[in-house]
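Here's the letter readout for the chains.
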Amino acid sequence: MTWTQLLVPITLTGTGMAAGGLMITVLGGVPLLLRLPTDQYVPIHQFLVTRFDPFMPICMITSLVVDVLLAVLVDQPVSRVGFGLAAVLLLGAMVISLTKNVPINRWLKTLDPDRLPENFEEINPRVRWGNWNSLRTVLVVAALAISAVAVGPLL
C-alpha cells in the first residue's frame, strides 16, 4: 500500500463528513433556527452546537492536512493542483468558522435563555450565523468535489 492509497480515503471521508454535517445544518438547522421564537432559539442553538463540536473541526483539520500532504506527494499535476485547491477551500471554511461562527456560538453559550439581553432582537445573530454557515458549506462541498476529481488521474 502506498501513501496515496492510505491518504486519499482519509481526505474523502473527512471532507465528506464535514460537507454532510454542514449540509444538514444548511438544509435543516438554519431554517429551523430562523423560525423558532426567541425563547426557544437560544437553548436549541446551544444544544446543536455541542453536538457538532469537536466533530467538525476534527474532520476539517484532518482533511486539510491530508490534502496538503497529497498536494506535495502525488506526481500527477492535475491531482496535485486539485488537492492543493481543496486544502485552500478547507482553510477558507476554517477561517470563517473561527472568525465568524465560533464567536457567535461562544457568545450564545454564555446566555441564560430565561434572561436574554433586553436588546436581543436587535443583536440577534441568527441570519448572520446562517449566512456565514452557508458560505463555509459551499467551500467545503467544493473542496469535496475537487478532491474527488483530483482522485481520477490517480486511478
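Residues numbered from 1 in each chain as written. Predicted model: local features only at pLDDT ≥ 70, side-chain atom pairs only at ≥ 80, totals over all residues. Heavy atoms only, no water.

**Quick word on the UniProt feature "transmembrane region" (unreviewed entry) in the protein**
We count it as follows: UniProt positions are given in the numbering used here, feature names are shortened, and annotations may be inferred rather than shown by experiment. Note on conventions: DSSP H or I runs of at least 4 residues are helices, E runs of at least 2 residues are strands, and numbering of each starts at the N terminus.
Feature annotation in UniProt assigns "transmembrane region" (unreviewed entry) to the following positions: residues 6-34, 55-74, 80-99 and 135-154. Helix makes up 100% of residues 80-99 and strand 0%. Its end C-alpha atoms lie 29 Å apart. A helix fraction of 85% and a strand fraction of 0% characterise residues 135-154, whose end C-alpha atoms lie 30 Å from each other.

**Quick word on the layout of surface pockets**
For clarity, the cut-off: The pocket and cavity definitions rest on a 1 Å grid over protein atoms only: a 1.4 Å probe that fits but cannot leave marks a cavity, an open set with protein on both sides within 12 Å along at least five of seven lines marks a pocket, and residues lining either have an atom within 4 Å of a point. Grid points are joined across faces, edges and corners, and a volume is the space filled by probe spheres set on the points. All amino acids are sorted into three groups, where Ala, Val, Leu, Ile, Met, Phe, Trp, Tyr, Cys and Pro are nonpolar, Asp, Glu, Lys and Arg are charged, and the leftover types, Gly among them, are polar.
Approximately 430 Å³ is the volume attributed to the largest pocket. Taken together, 26 residues make up the lining of the largest pocket; nearest its centre are F52, D53, M56, N105 and R136. Secondary-structure elements contributing two or more residues to the lining of the largest pocket are α1 (3-35), α2 (38-52), α3 (55-73), α4 (77-110) and α6 (126-151). The residue inventory of the lining of the largest pocket, partitioned by class, reads 15 nonpolar, 8 polar and 3 charged.

**Comments concerning α3**
Here is the rule: Multiplying one less than the number of residues by 1.5 Å gives the expected span of a helix. Here, residues are in contact when the closest pair of their heavy atoms is within 4.5 Å.
The end-to-end C-alpha distance of α3 is 27 Å, a good match for the 27 Å that 19 residues give at a rise of 1.5 Å each. In the core, the buried residues of α3 are packed alongside α1, α2, α4 and α6.

**Some details on α1**
Cut-off, in case you're wondering: In this scheme, the bend at a residue equals the angle between the axes fitted to the seven residues that finish there and the seven that begin there.
Between its terminal C-alpha atoms α1 stretches 47 Å, which fits the 48 Å expected from 33 residues at 1.5 Å a residue. The largest bend along α1 reaches roughly 40° and is located at V26.

**Concerning the packing of α4 against α6**
How we decide: Lines are fitted to the C-alpha atoms to define the axes, a helix being fitted only along its stretch in contact, and any angle between axes, read from their N-to-C directions, falls within 0 to 180 degrees. By definition in this entry, angles of less than 35 degrees are roughly parallel, angles greater than 145 are roughly antiparallel, angles of 65 to 115 are roughly perpendicular, and the rest are oblique. Handedness of a crossing follows from how the near helix is turned relative to the far one, being left-handed for an anticlockwise turn of less than a right angle and right-handed for a clockwise one.
In contact at an axis separation of 8 Å, α4 and α6 are set at 165° when each is read in the N-to-C sense. As summarised for this structure, α4 and α6 are arranged roughly antiparallel, according to the angle between their axes. The handedness of the crossing between α4 and α6 comes out as left-handed. Looking at the contact of α4 with α6 residue by residue, the class counts come to 18 nonpolar, 8 polar and 3 charged.

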